[in-house]
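Here's the letter readout for the chains.
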Amino acid sequence: MAKPRKKAKASPRAKVAASPFQSANTPGFGELLERLGVSLAVTTYQAGKLMLVRSRDARVSTLLRTFERPMGLAIKESGELALGTRNQVWYFRNAPDIARQMPPAGQHDACFLPRRSHVTGDIRGHELAWAGDDLWIVNTFFSTLCVPDAHFSFVPRWSPYFLPKPAPGDQCHLNGLAIKDGKPAFVTALGETTSNEGWRAGKAAGGILMSVEKNAVLCRGLSMPHSPRWYLDRLWLLESGTGELVTVDPETGQKTAVVRVPGFARGLAFVGRYAFIGLSRIRETSTFGDLPIAAQSAELKCGIWVIDLPTGQIVQFMQFQAGVEEIFAVEALPGMRFPELVGFQDDAAHGTFVIP
């Protein structure tokens, strides 16, 4: 196992470009991450960044790595992290021995190294989720759930009943996937439509929640639903068009609002009694312009908001003030308080080796 190469020292006269990313957080945000023993992985396709949000001594630190249109994230208990980008899926593996050698020494408790990638083509992949050893991809362009395969771009595994055959065109904007009992269980889509991008016309209230096993709609009339999750024996999702975290009874389809947040809510992770929600500002485009939340567009925030589930109250937040306008995925990294992720903009990826 070799140590990472050391970076060359910068010339005293070298100018360091100021980072365009600026953020602020409530005083307890970093303390909460440390108390829970977690960090967060966050993607923003708008800014082309994968971010690791970490804390040490209650001071929040954000690590930025550049990828082309990063979106879906999935973390495996074994320490494998998958990241969906414009036309491929990247796989990273945590190497704790390397983490201890990353400068400054002794600071990091995890280090994700790129191990391989799979080229899917531009399938406009949205959420990713591990189910056992299988990585499931929400293939939005083909309106299907699929898995990678060494011989193919992807292998379709499930499609909505109203689109029995996967075909290009983003007919219903399938976007979210929830795992229950180790299997794909629930999906969200922005419409029950069959024409190319047909969901756009009714997006303000045409969203649906579906059961994968039954291939049936459980709830209709949702406003741009995203990020379905099964947690604490309840089904949760984000109604992005209204900025609400809601629960849905999978038997009756009844929806119950938990809390409203000040942004386009997308990206949801749970740790203990807390929900971490990604918030985005909305752009004045045909995609967002007529949503219910657009009436408060001037007051909308971008960042990560923390909800105390028993009370339904906002307890902490981290707000991006510059450089980031939209968040897609938020994933918790349990047991990793201050991780590193080796990117490709310096020599670390070229000079770090893990050998059995």
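Residues numbered from 1 in each chain as written. Predicted model: local features only at pLDDT ≥ 70, side-chain atom pairs only at ≥ 80, totals over all residues. Heavy atoms only, no water.

Details of the pattern of salt bridges
Let me state the cut-off plainly: Any Lys or Arg side-chain nitrogen located within 4 Å of an Asp or Glu carboxyl oxygen qualifies as a salt bridge. Going along the chain from the N terminus, every DSSP run of H or I of four or more residues is numbered as a helix, and every run of E of two or more is numbered as a strand. Relative accessibility thresholds used throughout: buried, under 20% of the residue-type maximum; exposed, over 50%; partly exposed, between the two (1.4 Å probe, protein chains only).
By the definition in use, this model includes 18 salt bridges. When the shortest N-O distance is used, the salt bridge between D122 and R69 registers 2.5 Å. Of this pair, D122 sits in the loop between β8 (110-119) and β9 (125-131) while R69 sits in the loop between β4 (59-66) and β5 (73-75), and the two are 53 residues apart along the sequence. What makes D122 partly exposed here is its relative accessible area of 30%.

Description of the layout of surface pockets
Any empty space left between the atoms is revealed when a probe the size of a water molecule rolls over them. Stated precisely, the cut-off is as follows: With a 1 Å grid spanning the protein atoms alone, the term cavity applies to any set of points in which a 1.4 Å probe fits but cannot get out, the term pocket to an open set with protein on both sides within 12 Å along at least five of seven lines, and the term lining residue to any residue with an atom within 4 Å of a point. Grid points are joined across faces, edges and corners, and a volume is the space filled by probe spheres set on the points. Only Asp, Glu, Lys and Arg are considered charged in this grouping, and only Ala, Val, Leu, Ile, Met, Phe, Trp, Tyr, Cys and Pro are considered nonpolar; every other residue, Gly among them, is considered polar.
If you add up the space inside the largest pocket, you get close to 880 Å³. Along the walls of the largest pocket sit 35 residues, with I75, W130, I179, E331 and A332 positioned nearest its centre. Listing elements by their share of the lining of the largest pocket, those giving two or more residues are β5, β9, β13 (174-180), β17 (225-231), β21 (264-271) and β25 (330-334). In terms of residue class, the lining of the largest pocket is made up of 23 nonpolar, seven polar and five charged.

Things to note about the packing of aromatic side chains
Stated precisely, the cut-off is as follows: Here a Phe, Tyr or Trp ring, Trp counted by its six-membered ring, pairs with any other such ring whose centre lies within 6.5 Å, and the pair is stacked when the planes are under 30 degrees apart, edge-to-face when over 60, and tilted otherwise.
This structure, assessed with the given rule, holds 10 aromatic pairs. Between F141 and F142, the aromatic rings sit 5.5 Å apart at their centres with planes inclined by 90 degrees, giving edge-to-face as the arrangement. Geometrically, the ring pair formed by Y231 and F270 is stacked, given 4.5 Å between the ring centres and 10 degrees between the ring planes. With Y231 in strand β17 and F270 in strand β21, this residue pair connects regions lying 39 residues apart in the sequence.

Describing the sheet that holds strand β15 (residues 207-211)
Cut-off, in case you're wondering: At least two DSSP bridges between two strands are needed for those strands to be called paired. Helix axes are fitted only over the stretch in contact, all axes being lines through C-alpha atoms; the angle between N-to-C directions runs from 0 to 180 degrees.
Across the sheet, four strands lie side by side as β13-β14-β15-β16; this open sheet has antiparallel pairing. Looking at the sheet topology across the chains shown, the edges are occupied by β13 and β16 (216-222). In this sheet, adjacent strand axes meet at a mean angle of 20 degrees when their direction is disregarded. Two strands pair when backbone bridges link them, and β13 and strand β14 (residues 183-189) are joined in this way by six bridges, in the antiparallel orientation. Looking at β14, one finds that A178 is bridged to F186.

Side note on empty space enclosed by the protein
Evaluation of the coordinates by the stated rule reveals one cavity of 30 Å³ or more. Computed from the structure, the largest cavity encloses a volume of approximately 60 Å³. In terms of lining, the largest cavity is formed by G84, T85, R86, Q88, V89, T120, G121, I123, R124, G125, L128 and I137. Looking at the lining of the largest cavity, the elements with two or more residues in it are β7 (88-94) and β9. In terms of residue class, the lining of the largest cavity is built from four nonpolar, six polar and two charged.

Some details on unusual backbone geometry
With omega at -10 degrees, the peptide bond leading from P103 into P104 counts as cis. Residue position: P104 is located in the loop between α2 (96-99) and β8. The phi dihedral of H173 falls on the positive side, at around 50 degrees, and the residue is not glycine. Following the sequence through the fold, H173 ends up in the loop between β12 (152-158) and β13. Phi is positive for N215, which is not a glycine, with a value near 50 degrees.

Things to note about the sheet that holds strand β2 (residues 38-44)
Keep this limit in mind: It only takes one pair of heavy atoms within 4.5 Å for two residues to be counted as in contact.
The four strands lie next to each other as β4-β3-β2-β25, forming an open sheet whose pairing is antiparallel. Among the strands making up the open sheet, the edge pair consists of β4 and β25. In this sheet, neighbouring strand axes are inclined to one another by 25 degrees on average, regardless of whether the strands run parallel or antiparallel. Pairing of strand β3 (residues 49-56) with β4, which is carried by eight bridges, proceeds in the antiparallel orientation. Paired with V53 across the two strands is T62, which belongs to β4. Against the sheet, helix α1 (residues 28-36) touches β2, β3 and β4, its axis set at about 85 degrees to β3.

What about the side chain of S280?
Counted only if it meets this: Whenever two N or O atoms come within 3.5 Å, that pair is a polar contact, provided that in protein one can donate a hydrogen and the other can accept it, and provided that, for residues adjacent in sequence, both atoms are side-chain atoms.
The topology assignment puts S280 in strand β22 (residues 274-280). Accessibility expressed as a relative area gives 0% for S280, which makes it buried. In this structure the side chain of S280 is engaged in a polar contact, spanning 2.7 Å, whose partner is the backbone nitrogen of I327. Among all residues touching S280, those that are not within four sequence positions of it are G263, F264, R266, K301, C302, E325, E326 and I327.

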